Every structure is written in structure tokens, then in C-alpha cells.
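The lines below spell out each chain.
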Amino acid sequence: MGPHPAVAAIRLAVRRALHDILSGHHTPHTPHAALLPGPTTPGESSPLVLVACSGGADSMALASALAFEAPKLGLRAGGVTVDHGLQPGSDLRADEVVLRLTELGLAPVESIAVTVGREGGPEAAARDARYAALDGAAERHGATAVLLGHTRDDQAETVLLGLARGSGIRSLSGMAAVSGGPGAPGRYRRPFLQLDRQTARKACMVQSLPVWDDPHNADPAYTRSRLRHEGLPALEKALGKGVVEALARTAQLSRDDADALDTWARQAEASVRDAAGLLECAKLYALPPAVRRRILRSAAIEAGAPAGSLFARHIEEVDRLITGWRGQGAINLPGRVVAQRQGGRLVIRQG
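Residues numbered from 1 in each chain as written. Predicted model: local features only at pLDDT ≥ 70, side-chain atom pairs only at ≥ 80, totals over all residues. Heavy atoms only, no water.

### Quick look at the overall build of the chain
Test applied: A run of H or I in DSSP becomes a helix once it reaches four residues, and a run of E becomes a strand once it reaches two; helices and strands are each numbered from the N terminus. To get the radius of gyration, use the C-alpha atoms; to get the globule rule, take the number of residues to the power 0.38 and multiply by 2.2 Å. Three labels apply to residues, based on accessible area from a 1.4 Å probe with only protein chains included: buried if under 20% of the type maximum, exposed if over 50%, partly exposed otherwise in between. This count recognises Lys and Arg as positive and Asp and Glu as negative, with His and chain-terminal groups excluded. We put the charge of a Lys on NZ, of an Arg on CZ, of an Asp on CG and of a Glu on CD.
Assigned secondary structure in the chain consists of twelve helices and ten strands. Its C-alpha atoms give the chain a radius of gyration of 23 Å, within 12% of the compact-globule value 20 Å for 351 residues. Along the first, second and third principal axes, the C-alpha atoms of the chain reach 70 × 55 × 40 Å. Here the chain holds 351 residues, and the buried ones make up 44% of them. Both charge centroids of the chain, one from 41 positive and one from 36 negative side chains, sit 5 Å from each other.

Below, the structure written as C-alpha cells:
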């Protein structure tokens, strides 16, 4: 008899992600074929994949599947848990997670304590601190990838939050299955985006894996918690079952459209700059709004505006310097960046 359907589902999702990692992981000194599954046990030179684990059902299910699948593909599997220090006893909880990951056979396993700031609100600040810690762990251990336990339910919540902010199609595209920063574009993998939260929880239950339910996930002080326990159930009551699946589908469709528009904007940017590299307002005006605003956002970030603090309303104000020019003054953007129109050119720079 094979594994329980929930266990089979999480293992299949992780197996697919690991195959993708293998197919893209090679160095000038390591032939691609040498990284494909073989009869040998993973050694110190084998690629390392880390799992980010909070101890909750989603990430524990992910850790168990990684521990099962990685050795079969000649990969090393390790784990990282981040202690945000936001609850009493969080350090003890992190130690418990380290023990559980070690018992699953993962190595190396590490607990990282972080200090959560206040910029962008508590949820955004915690997320920033967490990803900084995971980036550091990946670089320190030389990891090829870091697996994250976000599920289809998380994706649906992300889409609704983007809709509520009115942030545009990129925000509606939710979380990517593969993402990362400029220095490591494919570092983060989300194998469970097509699986629901209940599948992960069931997989933990049938494998007798202890899980921790973060009280913050049920705290109405947090926007995502209210959406999870009040907003989505209300939508399902009003619209019927299938809302989560529909929102996840919307995320993928939106991501495809947003990627296409981003490509268009990158290709068009060179054509709207003059010989000195300044943006020409008349040429910007001729572009479709969705393409023009992407160019403006990219220029603002290049000038020093933090991407996470640059909202649609900021770009709309800059866009009005192109489409609704009435002699208005400079626009102040996050990061002490200033945008102003000068002699038919749009100048965006540090103020």
C-alpha cells in the first residue's frame, strides 16, 4: 500500500520542485549530468536545499517531504527556523523546531534570531526580517534553494490583500512559485501553491508530526488573520465553494499578464530616453499607461526609492507630470527621491 493521499500529494509537489532545481543548477566546473539522480548517497559536494520552517503544519509537511525526496535525487536537505522574538518563549519554540527538523534527518539545521523593526507595519517588518535571515542562511551554507510552505490558501489571501490595496495587476499576481532577489533570482521555491492548507495539515497528522499553531494567525489585530477567519469564509458563504481556487487562478493569470507588460516596458525604456539618458515626456506620453507607469516605477527604484515603500499613488502622481502637466512642482517619493519635469524631460533623482 502506498502513502496516504495527502502525503503522496506533498511529496509529489516537492519532487517536482527539486527536479526543477536540479535542471537549473550547474556550475562551470560541474557538468549538468553530474547533478542528476544517481545511486550514490548525497555527499558534501551535493547541492543543498533548505526548508524554512516555523513549526506550523504547512512548513512541517514541507520539511517531511523534503527529507524524504531529497536523498533520492542526490540532494542534501537542511532546515532553517527564524525566531522573530515577538512572543514569550519564542526561543524555546525555535529550539523545538530545530529538534524536529533534526529528527527528520535534515542537516544542517539552524535557528536564527532576528530583530523585527516597524517600517511598513508589523507583518511587513516581520517578513522583511525573515527573508533577510533566510538570505543570510542560504549564502552562509551555500544553499541552491530555499523551500517555503505557502499554500493555495495563502495565495488567495495575498490576492485579496492586493485587491484591497488597489495596487494593480502585479499585486494581484500574488506569490511566484519561483522568486528571489537580483543576486539570487531563483532562490525561493513554493512547491505547495497548488495544494490547500488542509492537505498539508492532514499529511502531518497521518505522519504523526507535531505541529505548532501560531497564535498570531488567529489574532484579529493582524489583517491577514481577519481575512483568513472572517473575510474568506464570508466570501465562500456568499459566492459558494471554489473562491480560493478561483483566486489562485486569478493570481496565475495576472502574473502572466504582468510579466508580459514588464517585458514590454523593459524593451520600450531605451526608446523614451534621450542621448543623455533622460526620460522624454512626449515619448512617455505616447506609451500605453500600463507600460509607461512601469518605466516610471523602475526609474524611481533605480534612483533610490525602496520598492516596498513605492505605492501606486506615488507612481500616479509622477505620471501626472507626463499626462496632466500644469506647471506643478516636484513630487517627493520614498527614499528622499524627487521627480520633476524640466524642459520636456522627466528627472528622477535623490533630492
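So that's the structure; there's more coming.
### Remarks on the layout of surface pockets
Using a probe with the size of a water molecule, rolled over the atoms, empty space left in the structure can be pinpointed. Rules: Only protein atoms enter the 1 Å grid used here, on which a cavity is any set of points holding a 1.4 Å probe that cannot leave and a pocket is any open set flanked by protein within 12 Å on both sides along at least five of seven lines; residues with an atom within 4 Å of a point are listed as lining. Grid points are joined across faces, edges and corners, and a volume is the space filled by probe spheres set on the points. Polar here means any residue other than Ala, Val, Leu, Ile, Met, Phe, Trp, Tyr, Cys and Pro, which are nonpolar, and Asp, Glu, Lys and Arg, which are charged; Gly is therefore polar.
Of the volumes computed, that of the second largest pocket is approximately 420 Å³. A177, R190, P191, L193 and Q194 are, among the 22 residues lining the second largest pocket, the residues nearest its centre. Of all the secondary-structure elements, those providing two or more residues to the lining of the second largest pocket are α1 (5-24) and α9 (243-269). Considering each element in turn, the lining of the second largest pocket owes the most residues, six residues, to α1. Broken down by class, the residue content of the lining of the second largest pocket amounts to 13 nonpolar, four polar and five charged.

### Comments concerning the packing of helix α8 (residues 223-239) against α9
Keep this limit in mind: Throughout, an axis means a line fitted to C-alpha atoms (over the contacting stretch in the case of helices), and angles, computed between N-to-C directions, take values from 0 to 180 degrees. Working rule for angles: under 35 degrees goes down as roughly parallel, over 145 as roughly antiparallel, 65 to 115 as roughly perpendicular, anything else as oblique. Whether two residues are in contact is decided by their heavy atoms: any pair within 4.5 Å suffices.
Their axes nearest at 9 Å, the elements α8 and α9 cross at an angle of 105°. Compared by their axis directions, α8 and α9 come out roughly perpendicular. Two secondary-structure elements touch here, α8 through L232, L235, E236 and L239 and α9 through V243, V244 and L247.

### Description of α8
Selection rule: A residue's bend is given by the angle between axes fitted to the 7 residues ending at it and the 7 residues starting at it.
When the local axis directions of α8 are compared, the greatest deviation, roughly 30°, occurs at H229, which is followed within four positions by the proline P233. Taken residue by residue, α8 has S225, L227, R228 and L232 as its buried positions. Taken from the residues just after α8, G240 is the one with a positive phi, measuring 95°.

### A look at the nonpolar core
To keep it simple, the criterion reads: Buried Ala, Val, Leu, Ile, Met, Phe, Trp, Tyr and Cys residues form a nonpolar core when they are joined through side-chain atoms within 4.5 Å.
Residues L18, L66 and F192 are the most contacted members of the largest nonpolar core, which totals 34 residues. Of all the secondary structure elements, the ones that give two or more residues to this core are α1, β1 (48-52), α2 (57-69), α3 (90-103), β4 (145-147) and α7 (197-206). Ignoring anything within four residues of it in the chain, the contact list for L66 reads V14, L18, V49, L50, V51, P71, A77, G78 and L147. One finds L261, V272, L296 and L333 within the second-largest nonpolar core, a separate group that totals 26 residues.

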